Amino acid sequence: MKAALQNYHARMQRVLDHIDQHLNGNLDLDALSGIAAFSKYHFHRQFTATFGLSVHRYVQLARMKRASYRLAFRDAESVTDIAMDAGYDAPDAFARAFRQRFGQSPSSFRKSPDWAPWLAAFGPMDNARSKLMHITYDHDDVTIRDVPPTPVAIMEHRGDRATLGDTIQRFIAWRKAAGLSPETSPTFNVFRSERIPANPADYSMDLCVGTDLPIDDDKQMKAGVIPGGRCAVLRVVHNTNNLEPAALYLYRDWLPASGEEARDFPIYCQRHFSMFPNVPVPDVICELFLPLK
C-alpha cells in the first residue's frame with residue numbers, strides 16, 4: 001500500500017515539474033494526463049482531489065507567479081510581453097486579472113509591489129506543492145560549512161510580525177534603487193527572536209543584502225557583517241515562508257546528537273532567488289545557517 005501511494009505521488013510530482021518547465025507550452029488535460037500516465041477522463045478529478053485545486057487553476061497561478069516576478073525584477077521587459085507569456089491575448093485582460101488577484105495594476109506592482117496580498121494569492125499553490133513536499137529532515141540533510149564573513153546592508157524590523165510586509169517592501173525598494181539585484185547580491189534574513197513571540201511587539205528580524213558599498217547617513221539602512229565561521233547548514237525548498245520546522249529540527253534533533261555547540265550569533269538564512277529567464281518558474285531556495293563554535 002505504501003509503495004503504491006509513493007508511486008501515485010511520484011506521478012503527480014512529474015506533472016508539477018512538467019508544468020514548471022513548460023509554462024509556455026501546451027498544458028491541457030490531454031498533455032498533463034499523459035505525463036502522469038493517468039486516463040484523461042479521470043485525471044482532472046484526481047488532480048483536484050490530491051492538491052485541492054484544479055489543473056487549470058494551478059497552471060494559471062504558476063503563469064501568474066512567473067509574470068509577477070518578471071514585473072518586479074525585470075524592468076526592461078514590457079507588460080505586453082509578460083501578458084502574452086502568461087497566456088493572455090491582450091494586456092487589458094492581463095491587467096484585469098492581475099488587479100483582481102493582487103489588488104494592484106501590473107504597472108503599480110512593478111513600481112511598488114505589495115507582497116502581502118501576493119503571498120495570500122499564492123497560498124493555494126503553495127499548499128498544493130506542500131502536499132508532496134519533503135517535510136521531514138534527517139542527519140544527512142545537514143552539512144557543516146566554513147563560511148566567510150559577508151559585509152551587508154541591514155534593514156531592521158522590530159515589532160509586530162504583521163507589519164513585516166511593509167518592511168520587506170521598503171527593503172526591496174531600497175535595494176532596487178541601489179542596483180543590488182537578488183541575482184548578484186546575496187539576500188540574508190537574521191532571526192533575532194522567535195517566529196511568534198509571546199508578545200508580538202518582541203518580534204525581531206534583520207533583512208540584509210550583501211554589499212561592500214558605503215552605507216552612510218541612511219535612515220533606513222545600516223552597515224554590518226554576517227560573521228564568518230563554522231555553520232550547520234540545512235537546505236529548504238519551495239515553502240520557504242515558514243522556516244520554523246527546519247529550525248526546530250536543527251535545535252531539537254540535529255544539535256543534541258551532533259555533539260556541536262551553537263555559537264553566539266542568531267540563526268539566519270540565505271535566500272537564493274532563481275529568477276526568470278534563468279529558470280522557467282521563479283522560486284526561492286533557502287539555506288538555514290546555525291552558527292557553531
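How each quantity is defined
- Residues numbered from 1 in each chain as written.
- Predicted model: local features only at pLDDT ≥ 70, side-chain atom pairs only at ≥ 80, totals over all residues.
- Heavy atoms only, no water.
- Helix = DSSP H or I, 4+ residues; strand = E, 2+ residues; numbered from the N terminus.
- Rg over C-alpha atoms; globule rule 2.2 N^0.38 Å.
- Buried < 20%, exposed > 50% of the residue type's maximum accessible area, 1.4 Å probe, protein only.
- Contact = heavy atoms within 4.5 Å.
- Lys, Arg positive; Asp, Glu negative; His and termini not counted.
- Charge placed at Lys NZ, Arg CZ, Asp CG, Glu CD.
- Phe/Tyr/Trp six-rings, centres within 6.5 Å; stacked < 30°, edge-to-face > 60°.
- Salt bridge = Lys/Arg side-chain N within 4 Å of Asp/Glu carboxyl O.
- Axes fitted to C-alpha atoms, helices over the stretch in contact; angles between N-to-C directions.
- Parallel < 35°, antiparallel > 145°, perpendicular 65-115°, else oblique.
- Nonpolar A, V, L, I, M, F, W, Y, C, P; charged D, E, K, R; others polar.
- Core = buried A, V, L, I, M, F, W, Y, C linked by side-chain atoms within 4.5 Å.

Participant: Whenever I open this one, the overall build of the chain confuses me. Can you help?
Facilitator: From N to C terminus, the chain includes 11 helices and 8 strands. Relative to the 2.2 N^0.38 estimate, which gives 19 Å for 293 residues, the radius of gyration of the chain is 21 Å and therefore close to what a compact globule would have. A principal-axis box enclosing the C-alpha atoms of the chain has dimensions of 60 × 50 × 35 Å. By residue count, 45% of the 293 residues in the chain fall in the buried class. By sequence separation, contacts in the chain at least 24 residues apart represent 70% of the contacts at least 6 residues apart. Charged side chains in the chain number 34 positive and 34 negative. The centres of these two groups are separated by 6 Å.

Participant: Sorry, what's going on with the packing of aromatic side chains here?
Facilitator: Tallied over the entire structure, the rule returns 17 aromatic pairs. Ring plane angle 65 degrees and centroid distance 5.6 Å describe the contact between Tyr-88 and Phe-94, whose orientation is recorded as edge-to-face. Classification of Tyr-88 as buried rests on a relative accessible area of 17%. On the accessibility criterion, Phe-94 (0% relative accessible area) is buried.

Participant: Which parts of the structure should I look at to understand the pattern of salt bridges?
Facilitator: Side-chain pairs of opposite charge can arise where the charged atoms are in close proximity. Enumeration according to the criterion identifies 12 salt bridges in this entry. The residue Asp-75 makes a salt bridge to Lys-176 at a minimum N-O spacing of 4.0 Å. Taken as a pair, Asp-75 in the loop between helix 4 (55-73) and helix 5 (79-85) and Lys-176 in helix 10 (residues 164-177) lie far apart in primary sequence, 101 residues in all. Where Arg-158 meets Glu-156, a salt bridge forms, and the shortest distance between an N and an O atom there is 3.6 Å.

Participant: Help me understand the packing of helix 2 (residues 29-36) against helix 3 (residues 40-51), please; the structure alone is not making it clear to me.
Facilitator: Each pair of packed helices gets described by two things: the angle between the helix axes and the distance between those axes. Look at helix 2 against helix 3: their axes get within 9 Å of each other, and the N-to-C directions meet at 80 degrees. Considered as vectors, helix 2 and helix 3 are oriented roughly perpendicular to each other. Along its contact with helix 2, which presents Leu-29, Asp-30, Leu-32, Ser-33 and Ala-36, the element helix 3 presents Lys-40, Phe-43 and His-44. Its residues assigned to classes, the contact of helix 2 with helix 3 shows 4 nonpolar, 2 polar and 2 charged.

Participant: Is there a simple way to think about the nonpolar core in this case?
Facilitator: A general tendency of soluble globular proteins is for nonpolar side chains to be buried together. Among the nonpolar cores identified, the biggest contains 40 residues, and Ile-19, Leu-32, Phe-43, Phe-47, Tyr-58, Met-64 and Phe-94 are the most heavily contacted of them. Elements with a minimum of two residues in this core: helix 1 (2-21), helix 2, helix 3, helix 4, helix 5, helix 6 (91-102), helix 8 (115-121) and helix 9 (123-130). When residues in this core are grouped by element, the largest group, 11 residues, is from helix 4. Leu-180, Phe-191, Met-205 and Leu-250 belong to the second-largest nonpolar core, a separate cluster that totals 31 residues.

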